[in-house]
Amino acid sequence: MSGPAHSNLEQVFANVASNYRGADVDLHAVYREMREKSPVLPENFMARLGVPSIAGLDPNRPTFTLFKYDDVMAVMRDATNFTSGFIAEGLGSFFDGLILTAMDGEAHKNIRSLLQPVFMPETVNRWKETKIDRVIREEYLRPMVASKGADLMEFALYFPIRVIYSLIGFPEDRPEEIEQYAAWALAILAGPQVDPEKAAAARGAAMEAAQALYDVVKAVVAQRRAEGATGDDLISRLIRAEYEGRSLDDHEITTFVRSLLPAAGETTTRTFGTLMTLLLERPELLARIREDRSLVGKAIDEAVRYEPVATFKVRQAAKDVEIRGVAIPKGAMVSCIVTSANRDEDAFENADTFDIDRRAKPSFGFGFGPHMCIGQFVAKTEINCALNAILDLMPNIRLDPDKPAPEIIGAQLRGPHHVHVLWD
């Protein structure tokens, strides 16, 4: 283990954020204008904002950017005409093996059916009772209570990592190693860069991190297999899983688990930070949720609509198509701006209002369609446990008036960097 893992992880988290931050503009205002004036834009809008995107990897492929809810829905839903295989060329070149986000058609459907049960509510709820809730309360929040103040993002950075690595099947008694693995996973996310000089170095670092992560995951897989894989952890369940008479080998399990890691901690951290910011800015709403915990799930869903962490998704046109009269040639990249679709006034009444009582309607914070985030139920369960625990253990939690107010920023991997709070 080189260097202090603690600062390392916080540093890497900050680096990834600045990599995807983009121009400091009022994104929601910009997107509102795009929906009105050019809902189908024949260019890579993320590049205009200075955000690295897999759409921009091959300059010979035209990119089209979509801003309206119905268009984004149509593309996300239609995995036949809008494919994901190209992802393996970009981020996926760090992953040889099973990377769900880069699979299409039957192969994607088959592997997903094999993995899906591991992520279903019945499994996750069992994890919640045996692990998730205990880890969040006993290891993180109770020790903080006496200090009566904190930056919630410090807690937010560590608890999803601790939970997900435990659920995956890593040993529980070596937290500093887990922090190192998490820093490696984030280094992979920082691989794609806009600046060509930075890109080569970042890509090298990402490849190294990916290899290091592969080696540690593979060792755990081999160990679990040797022990008989009887546990309830993800790796043991993957070893036992069978679909149409076929089971996964160590390499497949290792590459799949590794592909989960960059997303598993990071997005949960930012979603939690965003949710807490939106609630702390609205003390009367927070008080209402404290009294009625059945509202927690609605608050999470509305936060994911209102300020999604992953702000856009890219697909590739598998044939010539037309959207709103704009011809999109086969092979073109289609960038779906989730943040814009989620605030489309034609889809959501008072779209710019954070309203947990709105009628439920799909939004795209966790994707949509066949590639909908497979781990979303795990993420929502973790955030649900964390918010409930904070409301139980930190009476009268409120923003610290002497510190800067939290800001939800970033054109991609959006969220607050600090959420300073006090409690009684």
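Residues numbered from 1 in each chain as written. Predicted model: local features only at pLDDT ≥ 70, side-chain atom pairs only at ≥ 80, totals over all residues. Heavy atoms only, no water.

## Quick look at helix α15 (residues 376-393)
Working note: α-helix, 3.6 residues per turn, so residues spaced by three or four point in the same direction. The test is simple: Note on conventions: DSSP H or I runs of at least 4 residues are helices, E runs of at least 2 residues are strands, and numbering of each starts at the N terminus. By this rule the span expected of a helix is its residue count minus one, scaled by 1.5 Å. Only protein chains enter the accessibility calculation, which uses a 1.4 Å probe. A residue is then buried if its area is under 20% of the maximum for its type, exposed if over 50%, and partly exposed in between.
The end-to-end C-alpha separation of α15 is 26 Å, in line with the 26 Å expected for 18 residues at 1.5 Å each. For α15, the tally of buried residues reaches 14 of 18 residues, placing the bulk of the element in the interior.

## With respect to the packing of aromatic side chains
Short version of the rule: When two rings of Phe, Tyr or Trp (its six-membered ring) have centres within 6.5 Å they constitute a pair, described as stacked for plane angles under 30 degrees, edge-to-face for angles over 60, and tilted for the intermediate range. Charges are assigned to positions over rings by a cutoff of 6 Å between ring centre and Lys NZ or Arg CZ, combined with an angular limit of 35 degrees from the ring normal.
What the rule picks out here adds up to 13 aromatic pairs. Seen in terms of ring centroids, Phe 45 and Phe 67 are 5.3 Å apart; in terms of plane orientation they differ by 85°. Their pairing is edge-to-face. Of this pair, Phe 45 sits in helix α3 (residues 45-48) while Phe 67 sits in the loop between β2 (63-66) and α4 (69-77); the two residues are 22 residues apart in sequence, bridging distant segments of the chain. Phe 45 sits in the buried class, given a relative accessible area of 2%. We classify Phe 67 as buried; its relative accessible area is 0%. Relative to Tyr 181, the ring of Phe 170 lies with its centre 5.5 Å away and its plane at 45°, an arrangement referred to as tilted. Of this pair, Phe 170 sits in the loop between α7 (152-168) and α8 (175-189) while Tyr 181 is found in helix α8, placing the two residues 11 residues apart along the sequence. Here the two residues Phe 170 and Tyr 181 agree in accessibility, since each one is buried. Linked through ring pairs, Tyr 140, Phe 155, Phe 159 and Phe 272 together constitute an aromatic cluster. Positioned over the ring face of Phe 348 is Arg 305, at 5.1 Å from the centre of the ring.

## Overview of the pairing of strand β8 (residues 333-337)
Formally: Two strands qualify as a pair provided DSSP detects at least 2 bridges between them.
The buried count for β8 comes to five of five residues, which makes it a mostly enclosed element. The side-chain alternation of β8 yields two buried faces, one formed by Met 333, Ser 335 and Ile 337 and the other by Val 334 and Cys 336. Where β2 and β8 come together, four bridges link them in parallel fashion. In the sheet register, Thr 65 faces β8, and the bridge partner there is Ser 335.

## A closer look at the packing of α7 against helix α11 (residues 250-280)
The description of two helices packed together rests on the angle between their axes and the distance between the axes. Inclusion rule: With axes taken as lines fitted to C-alpha atoms, and helix axes fitted only over the stretch in contact, angles between N-to-C directions fall between 0 and 180 degrees. Left-handed is the label given to a crossing in which the near helix is rotated counterclockwise from the far helix by less than a right angle, and right-handed is the label when the rotation is clockwise. Any pair of residues with heavy atoms lying within 4.5 Å of one another is described as a contacting pair. Polar here means any residue other than Ala, Val, Leu, Ile, Met, Phe, Trp, Tyr, Cys and Pro, which are nonpolar, and Asp, Glu, Lys and Arg, which are charged; Gly is therefore polar.
Orientation of α7 relative to α11, taken along the N-to-C sense of each, is 145°, at an axis distance of 9 Å. The hand of the α7/α11 crossing is right-handed. When α7 is examined against α11, the residues Leu 152, Met 153, Phe 155, Ala 156, Leu 157, Phe 159, Pro 160, Ile 161, Ile 164, Tyr 165 and Ile 168 are found in contact with a partner set consisting of Val 257, Leu 261, Ala 264, Gly 265, Thr 268, Thr 269, Phe 272, Gly 273, Met 276 and Leu 280. By residue class, the composition of the contact of α7 with α11 is 17 nonpolar, four polar and no charged.

## Comments concerning the pattern of salt bridges
Filter applied, for reference: What makes a salt bridge here is a side-chain nitrogen of Lys or Arg within 4 Å of a carboxyl oxygen of Asp or Glu, nothing more.
Following the criterion strictly, the structure yields 27 salt bridges and no others. A salt bridge links Arg 32 to Asp 352; its shortest N-O distance comes to 3.1 Å. One end of the pair, Arg 32, is in helix α2 (residues 27-37); the other, Asp 352, is in the loop between α14 (338-341) and α15, and 320 residues separate them in sequence. In this structure Arg 32 comes out as partly exposed when scored by relative accessible area, which is 33%. A salt bridge links Glu 307 to Arg 414, with the shortest nitrogen-to-oxygen separation between them at 2.6 Å.

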